[in-house]
Structures are given as structure tokens and as C-alpha cells.
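# Architecture and fold: a report
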Amino acid sequence: MMNFTQFLKAVDKAAAAMSKEQLAEFIHDTARTLPENQREDFLAEMLLFAGGKETHICPEPSKADQEAAADFEQKRSFLRTRLERMESGELCLEGSLNPEYDDWYSSAEEEFLYSDPEGILDIIEEACRFVHQCVDCEEYQAACELTGILIGLDIMVGGEYQEYTDEPININDLKSYHLGNVDYRTLVIDAARAAYCASALSERADELYITLMNSGRRDITLEMILQGGRELPEIDAFLPLWIEHLGRMTGSSAGKLLQEALELADDGEQLLANARKYCGEHPELYEQYLTANQGKTDADSLLAVGTEALEAIEKKYLVRSRVALLTSRTALEQDRPELAETCWLEAFRSDTRVVNYLRLLMECRDFSNVREAAAQIYRETCSQLRKDIYFLPVAGGGRENQVNPTQAYLLAFLGGEFDYVRERAMNATNSLGWSASFMKCGLAAFLLLLTEDGSLTQDAAQQGGELKTMKPGAREMLRRIVAAAGFDKSEYEKGTLRLIEESNEGWFLTCWNHWKRTVPLSREQREALLGWAEGLVTKRVQGIMEGNHRNYYGECAAYIAALGEAREAGGEPNGKQATMAKYMEAYNRRSAFRQVMRGYGMQDARKKK
């Protein structure tokens with residue numbers, strides 16, 4: 001899809017190739033298909049370009065129309081005064097407690113009911129319309145005067161509301177409170193266009209950036225501003241200044257605007273130069289260059305830029321991992337597996353997750369060559385985790401490689417450091433509260449390690465006769481691990497030439513079965529782990545049963561089934577049924593527990609025929 005500048009260039013090129021008669025015919029055909037509500041604006045634009053006078057809702061102040069000019073100034077002064085009184089808190093909304101609201105429950109009702117005795121919502125809406133008319137009339141200074149107050153305006157609320165909070169309501173949030181009908185997005189675009197046109201070229205970038213940042217809206221782009229009305233002047237001269245200004249700014253908002261500006265510039269060499277210039281604060285520009293030039297620039301040049309980026313970008317940034325994967329794919333296409341393997345390791349270094357470790361394990365020609373380097377990476381991550389923390393913070397959408405404990409402990413597990421995981425991550429003394437810890441995921445991982453290799457489907461199990469279909473307990477352990485790891489096969493495919501047809505769980509299981517062959521267990525180790533895991537299962541089941549937490553019966557049954565399946569995998573005849581029967585006998589009066597145990601394969605003599 002073409003961006004705005006690409007579209008304009010294409011239109012200009014097509015128009016230049018048309019004769020006067022062809023252009024006239026095109027305009028006539030376009031006019032013929034216009035909706036009725038766009039006809040007057042279309043004709044006004046034509047008259048303007050033809051040198052005629054354009055008709056506007058907002059009158060242009062002129063000597064010939066003194067009365068209209070006076071009306072304009074009067075309205076401008078009236079709105080400015082009212083907005084200033086809102087800004088100072090003199091004019092405000094009223095808020096009263098809603099008797100239907102109940103803070104003990106997740107009430108669907110609003111906590112407060114709002115009223116507008118001063119009519120300020122009507123004033124704000126009128127001011128927004130006036131600003132739009134001013135921009136349309138090229139009265140940019142008048143527009144800037146009002147938008148300087150409107151943009152980011154906080155509206156005070158009086159009444160009972162003041163007794164609970166003194167937080168104002170921002171103009172951007174009025175719709176969420178069902179207050180008025182302010183089109184804040186259009187207001188911000190109008191404010192940006194006014195700031196652009198009212199400023200000298202040398203000051204334009206700064207004024208536009210301040211307007212956008214003050215608005216609180218991070219979804220407004222330069223392309224939206226360009227398309228918000230007539231063609232803005234001096235765009236070609238402005239764009240390099242805008243790029244330079246954004247390059248000096250920090251933060252993700254400036255970064256996104258910078259990427260968009262470089263996309264609009266549509267110059268690969270300029271993009272690469274800016275990637276090098278602003279790498280410290282905006283390393284995403286390297287990724288933008290590599291993505292935009294796939295298939296356009298020769299592979300050797302892309303590999304050189306990718307390698308350069310891996311050296312230039314700080315290792316803490318997630319984008320470095322994405323750059324590494326873009327580079328590794330190009331390396332594979334050029335039959336350079338050694339470079340691809342280096343890139344996979346660097347992708348893991350800057351985004352230390354299970355999916356990136358498994359890619360190394362499965363795709364490297366000899367994983368033993370990178371095993372220790374990978375181990376050093378996750379060990380460094382584990383060393384930064386506090387010993388007394390068991391919570392699992394939600395993975396954020398930030399820029400830096402911040403590994404949560406689940407990923408760190410799973411990586412240590414995959415590295416075969418079982419004692420470390422048991423001592424550091426699975427030492428909870430209580431039988432409850434496991435949902436906020438690594439206990440559930442860790443127990444599932446150890447139980448799946450102790451069960452025999454399997455396949456998710458009967459068909460796959462029958463191919464070659466090597467793998468049996470997974471049993472229900474093991475399958476639930478697999479599901480829990482995949483969910484905890486956040487494993488996604490589409491993430492795995494990045495940086496490879498592989499197209500995975502299996503499901504997320506299916507491919508993870510393929511990786512898991514391959515990994516198990518790299519961590520052989522002695523019989524003594526296996527028996528020790530099995531006894532330890534049984535102790536955890538027993539502790540968990542007792543805690544759930546004693547607390548009558550029926551919602552967790554299914555979880556207990558899954559662990560019990562997986563424990564029994566692990567016993568059978570270790571050579572114990574009828575190990576699963578014996579294990580399930582032992583736990584069922586301890587809680588034989590709980591019919592709900594009996595039902596879920598049957599679901600995991602328990603053969604129940606009491607089951608009705």
C-alpha cells in the first residue's frame with residue numbers, strides 16, 4: 001500500500017501524462033460520482049485553483065465586509081474568554097453520586113452522574129467547530145489561540161464529586177464519560193495544521209511536535225495531518241527538518257513519528273543514514289531499513305547492514321533481536337548457516353525467551369557449539385532475579401529485554417539445571433497460592449520430563465510406529481507449559497526458512513521430545529525426581545481438598561494422572577491406575593473429584609454401567 005507522499009507522486013506523474021481534454025474528462029467524471037454533501041466543497045476548491053473566490057462558512061475579514069469581521073472577532077473573544085474560565089476552574093461540570101452504583105460489585109452503572117449547568121460542553125463543541133472553520137479560512141493565528149487552551153484541557157468537576165476526588169476530566173476523555181460530542185481527533189489534526197501554517201519554517205517542527213505531545217493522542221500521524229485539508233505549504237522543505245527534530249527527541253512516540261517521516265521521505269539511503277545517526281535513541285530505524293529493503297537491495301548489502309546493526313544497537317533492546325532474525329533469514333537464503341546461527345544466538349541474548357532458545361536447539365547444525373554461550377545468557381538473567389520473589393509479572397510491551405521469572409526458570413530447566421530450579425523456584429512451603437508462582441509450571445515440566453515421548457494425534461503416532469499418542473495427564477502438562485512459556489510457532493519461524501504446519505502445542509512437543517534426548521537421566525535421578533514430584537502433588541491435593549476449592553479439582557486430577565503416567569513410563573506396571581486409585585480412595589466421598597478423575601482416565605469400579 002502506498003503512503004501519502006508516494007500516492008501524491010504517482011498522481012502527479014499520471015496527471016502530467018494526461019492531456020487537457022483528458023484532465024477535464026477525469027474531473028467531470030469525478031464530480032459526477034461525488035456524494036451530495038461533498039459537491040459544494042469540491043466546486044469551491046475548483047474555483048480557488050481557477051483564481052476565483054472560495055465561499056466559506058467562516059467569513060474572511062476584509063474592508064468590504066467590516067460587519068463580518070466584527071462578528072468573527074466577537075465570536076473569537078467570546079470563546080477565548082469562556083475557555084479561559086474553564087481552564088482556571090471557574091466554569092465546571094457538576095458530579096453527584098449515582099444511587100444505582102454499588103462499589104462492592106462490578107457494577108455496570110457509572111459511579112457519578114454528571115450535569116452541565118454552565119453549558120460548557122456546548123461551548124467546547126462550538127469552539128471546536130470555530131477552530132475548524134478558522135483553519136479552513138486560513139485564520140491560523142486565531143485557531144492557535146483557541147487550540148492552545150483546548151488541547152489537553154482539564155475540566156474541573158464540582159458537587160459531590162469533589163468530596164471523593166479532585167481529579168479533573170480531560171477533554172480527550174469526555175466521550176468515555178458520555179459527555180458531549182467532541183471530536184477530539186479532528187481537533188488535534190486542526191490544531192496541528194494551524195501550528196504548522198502559523199509557524200516559520202525554522203520553528204515549524206518544534207511547534208508541531210509540542211502540539212502533538214500536549215494533545216495526549218499518540219495515534220495522530222503526519223500523514224493524517226497532511227490529509228486533513230488543503231495541501232500544506234513547503235512540505236518538501238519541512239520533512240528533513242521534521243526528521244532531524246524527531247531524531248533528537250527521546251521516547252517511543254518520537255520514534256514512531258520518525259519512522260513514519262522516513263517512510264514518507266521514501267529514500268532508502270536517507271533512512272540508513274538516519275539509522276546510523278540516531279541509533280542510540282531510535283534503534284528501530286535499522287529494523288525499518290532491513291524490512292523495507294527485503295527483495296530490493298542485494299543480499300550482501302543487507303547482511304552487512306544487519307551485522308553492523310547488531311554491533312551498533314545496545315544488547316538490552318528487543319529490536320536488536322528482531323534485527324538479528326531478519327539478518328539470519330537473509331543469511332540462510334544465501335546459504336550462510338554459520339552467520340544465521342550467530343544471529344540466532346544474538347536474538348536470544350536480546351530477547352531471552354523460551355522460543356528463541358528452542359530455535360537454537362532445533363536449527364543449529366550442532367547445538368553443543370552454542371549450548372554454553374546460551375547457558376551464560378540465561379544464567380545472567382537468573383542471577384538478577386530475587387530469591388524471595390515468586391510472582392510472575394506480566395510481560396510488557398516495552399523496548400528492553402526484561403525477562404519474567406517464568407521464562408528464566410523454564411530456560412534453566414531446559415538447560416538441565418534441575419537442582420537449581422527445584423531449590424530456587426519450587427520451594428513454596430504452602431500448598432496454596434501456587435497460581436502466583438512457578439510451582440504449577442515447574443511441576444508440569446518435571447512430570448512431562450518423566451513421562452514417555454508422545455504425539456498429539458493418533459495419526460502422527462502411527463507414522464513410523466515410534467511415538468504413541470500422548471496420554472491425557474501428559475497432554476495437560478504440555479498445555480500448561482506452552483501457555484506459561486507464551487510459545488508461538490509464528491515467533492519461532494522468524495529468522496528461519498521453516499514453515500510449521502503443526503499447532504503451537506504440536507511443534508513445542510516436537511522440540512520437547514528432541515530436547516529430552518539431550519538430557520539423559522539415570523535411574524537414580526529419575527526415581528529421586530519422581531519421589532519429589534509425588535510429594536508436591538500430594539501437598540497440592542491436600543491443600544485443595546482441605547480448603548474445598550472445587551474449581552481446582554481438575555488441576556489436581558491432571559497432576560495425579562501425569563504422575564501415574566510417569567510411573568508407568570519408569571516401568572511400574574499399571575502405575576497410572578494404582579496412583580489414581582490411591583488418591584481417589586483418600587477422597588472417595590467427593591463425587592465432583594471422582595468425575596474429573598474419570599476424565600483423566602481413571603478406571604472406576606463405582607462407575608455406573
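Throughout this document, residue positions are counted from 1 along each chain, in the order its sequence is written. Local features are withheld for residues below a pLDDT of 70 in this predicted model, meaning they are given only at 70 or higher, and side-chain atom pairs are given and counted only at 80 or more; totals for whole chains, interfaces and linings count all residues. Values shown for side chains rest on all heavy atoms present in the structure; no hydrogens or waters enter the calculation.

## Overview of the overall build of the protein
When helices and strands are tallied, the protein shows 30 helices and seven strands. The globule rule is 2.2 Å times the number of residues to the power 0.38, and the radius of gyration it is compared with is taken over C-alpha atoms. Relative to the 2.2 N^0.38 estimate, which gives 25 Å for 609 residues, the radius of gyration of the protein is 33 Å and therefore markedly larger than a compact globule would have. Expressed along its principal axes, the backbone C-alpha trace of the protein runs to roughly 105 × 70 × 50 Å. Burial status across the protein gives 45% buried among its 609 residues. Residue pairs in contact within the protein that sit at least 24 positions apart in sequence constitute 64% of those at least 6 positions apart. Counting only carbon and sulfur atoms, one obtains 48% of the accessible surface of the protein, whose full area is about 31900 Å². With 69 positive and 99 negative side-chain charges, the protein shows a separation of 11 Å between the mean positions of the two kinds. Working definition: helices are DSSP H or I runs of at least four residues, strands are E runs of at least two. Numbering for both runs from the N terminus. When accessible area is computed with a 1.4 Å probe and restricted to protein chains, residues below 20% of their type maximum are described as buried, those above 50% as exposed, and intermediate ones as partly exposed. Throughout, a residue-residue contact means that at least one pair of heavy atoms, one from each residue, lies within 4.5 Å. In this description, accessible areas are obtained by the Shrake-Rupley approach with a 1.4 Å probe, and a residue is regarded as covered only by the protein chains that are shown. Within this scheme the basic residues Lys and Arg register as positive and the acidic residues Asp and Glu register as negative, but His and the chain ends are omitted. To locate a charge, take atom NZ for lysine, CZ for arginine, CG for aspartate or CD for glutamate.

## Side note on the environment of M545
With respect to the secondary-structure elements, M545 resides in helix α27 (residues 523-546). A C-alpha to C-alpha distance of 9.5 Å links M545 and C556, two positions 11 residues apart in sequence. Aside from chain neighbours lying at most four places away, what touches M545 is Y553, Y587, R590 and F593.

## A word on helix α12 (residues 252-265)
The end-to-end C-alpha distance of α12, which contains 14 residues, comes to 20 Å, matching closely the 20 Å that a straight helix rising 1.5 Å per residue would cover. The buried fraction of α12 is high, at 10 of 14 residues. Of all the positions in α12, only S253, A254, G255, L257, L258, E260, A261, L262, L264 and A265 are classed as buried. Positive backbone phi, at 55°, marks D266, one or two positions downstream of α12. To estimate the expected span of a helix, subtract one from its residue number and multiply by 1.5 Å.

## A few points about the pattern of salt bridges
Salt bridge criterion: a side-chain nitrogen from Lys or Arg within 4 Å of a carboxyl oxygen from Asp or Glu. Taken as a whole and judged by the stated rule, the model has 37 salt bridges. One salt bridge connects D419 with R422, and the closest N-O pair in it is separated by 3.9 Å. With D419 and R422 both in helix α21 (residues 418-425) and three residues apart, the pair spans about one turn of that helix. For the salt bridge of R480 with E476, the shortest nitrogen-to-oxygen distance reads 3.2 Å. Pair noted here: R480 and E476 are both in helix α24 (residues 472-485), with a separation of four residues, about one helical turn.

## Quick notes on the nonpolar core
Counting 178 residues, the largest nonpolar core has I124, W242, M426 and W512 as its most contacted members. Every residue in contact with M426, bar those within four places of it in the chain, is listed here: V421, F438, M439, G442, L443, F446, W532 and L536. We define a nonpolar core as any set of buried Ala, Val, Leu, Ile, Met, Phe, Trp, Tyr and Cys residues linked to one another through side-chain atoms lying within 4.5 Å.

## Observations regarding the environment of V131
With respect to the helices and strands, V131 occurs in helix α5 (residues 120-136). As a C-alpha pair, V131 and A142 span 11 residues in sequence and 7.8 Å in three-dimensional space. What V131 contacts, discounting residues up to four positions off in sequence, is A143, L146, T147, L150, L187 and D190.

## Section: the pairing of strand β1 (residues 93-97)
With three bridges joining them, β1 and strand β4 (residues 157-159) adopt parallel strand pairing. What sits directly across from G95, in β4, is G159. We call two strands paired when DSSP finds no fewer than two bridges between them.

## Description of the environment of V421
One can find V421 in helix α21. Look at V421 and you get buried, because its relative accessible area is 0%. Put simply, V421 and L264 are 157 residues apart on the chain and 50 Å apart in space, counted from C-alpha to C-alpha. Once residues lying within four places of it in the same chain are set aside, the contact partners of V421 are Y409, A412, F413, M426, F438 and F446.

## Here's the deal with the packing of helix α13 (residues 268-277) against helix α14 (residues 284-292)
Note on definitions: angles span 0 to 180 degrees between N-to-C directions of axes, and those axes are lines fitted to C-alpha atoms, for helices only across the stretch in contact. Relative orientation of the contacting elements α13 and α14 amounts to 155°, with a least axis distance of 8 Å. Regarding the angle of α13 to α14, the classification is roughly antiparallel. At the point where α13 passes α14, the crossing takes the left-handed sense. Residue-level inspection shows G268, L271, L272, N274, A275 and R276 of α13 in contact with α14, the latter providing L285, Y286, Q288 and Y289. Residue classes in the contact of α13 with α14 are distributed as six nonpolar, three polar and one charged. We call two directions roughly parallel when the angle between them is under 35 degrees, roughly antiparallel when it is over 145, roughly perpendicular when it lies between 65 and 115, and oblique otherwise. Crossings are sorted by hand: turned counterclockwise from the far helix by less than a right angle, the near helix makes the crossing left-handed, and turned clockwise it makes it right-handed. When residues are sorted by character, Ala, Val, Leu, Ile, Met, Phe, Trp, Tyr, Cys and Pro go into the nonpolar class, Asp, Glu, Lys and Arg into the charged class, and all the rest, Gly among them, into the polar class.

## Details of a nonpolar patch on the surface
Together, F26, I27, L43, M46 and L47 make up a nonpolar patch on the protein surface, roughly 460 Å² of accessible area in all. For the nonpolar patch, the elements supplying multiple residues, two or more each, are α2 (20-32) and α3 (39-49). A per-element tally of the nonpolar patch places α3 first, with three residues. Tracing the sequence through the fold places L47 in helix α3. Nonpolar side chains (Val, Leu, Ile, Met, Phe, Trp, Tyr) are joined into patches within 5 Å and like charges within 9 Å, using only residues with over 30% relative accessible area and no salt bridge.

## Some remarks on the packing of aromatic side chains
For this analysis, a ring pair means two rings from Phe, Tyr or Trp (six-membered ring only for Trp) whose centres lie within 6.5 Å, classed as stacked if their planes differ by under 30 degrees, edge-to-face if by over 60, and tilted for the remaining angles. Taken as a whole, this structure holds 24 aromatic pairs when the rule is applied. Pairing F446 with W532 gives two aromatic rings, centres 4.9 Å apart and planes at 75°, and the pair type is edge-to-face. Note that F446 is positioned in helix α22 (residues 439-450) and W532 in helix α27, a separation of 86 residues in sequence. Here the two residues F446 and W532 agree in accessibility, since each one is buried. These aromatic residues form a ring-pair network of at least three members: F413, F418, F446, F487, F508, W512, W515 and W532. Look at NZ for Lys and CZ for Arg. If either is within 6 Å of the ring centre and within 35 degrees of the ring normal, a charge sits over the ring. Across the ring face of Y196, the terminal group of R204 is positioned such that the distance to the ring centre comes to 4.3 Å.

## Focus on the sheet that holds β4
Read from one edge to the other, the open sheet built from three strands follows the order β2-β1-β4, with strand pairing classed as mixed. Two strands in the sheet have a free side with no partner beyond their single neighbour: β2 (112-115) and β4. Strand-to-strand twist across the sheet, computed as the mean angle between neighbouring axes with direction ignored, equals 40°.

## Some remarks on the state of the cysteines
Any two cysteine sulfur atoms lying within 2.5 Å of each other are counted as a disulfide. Applying the stated rule across the entire model yields zero disulfides. We note that C343 lacks a disulfide partner, and the nearest cysteine sulfur, in C364, lies 11 Å from it. With relative accessibility at 1%, the residue C343 sits in the buried group.

## Section: the side chain of T381
Tracing the chain through its elements places T381 in helix α19 (residues 368-383). Here T381 is in contact with T352, V403 and A408, once residues within four sequence places are set aside.

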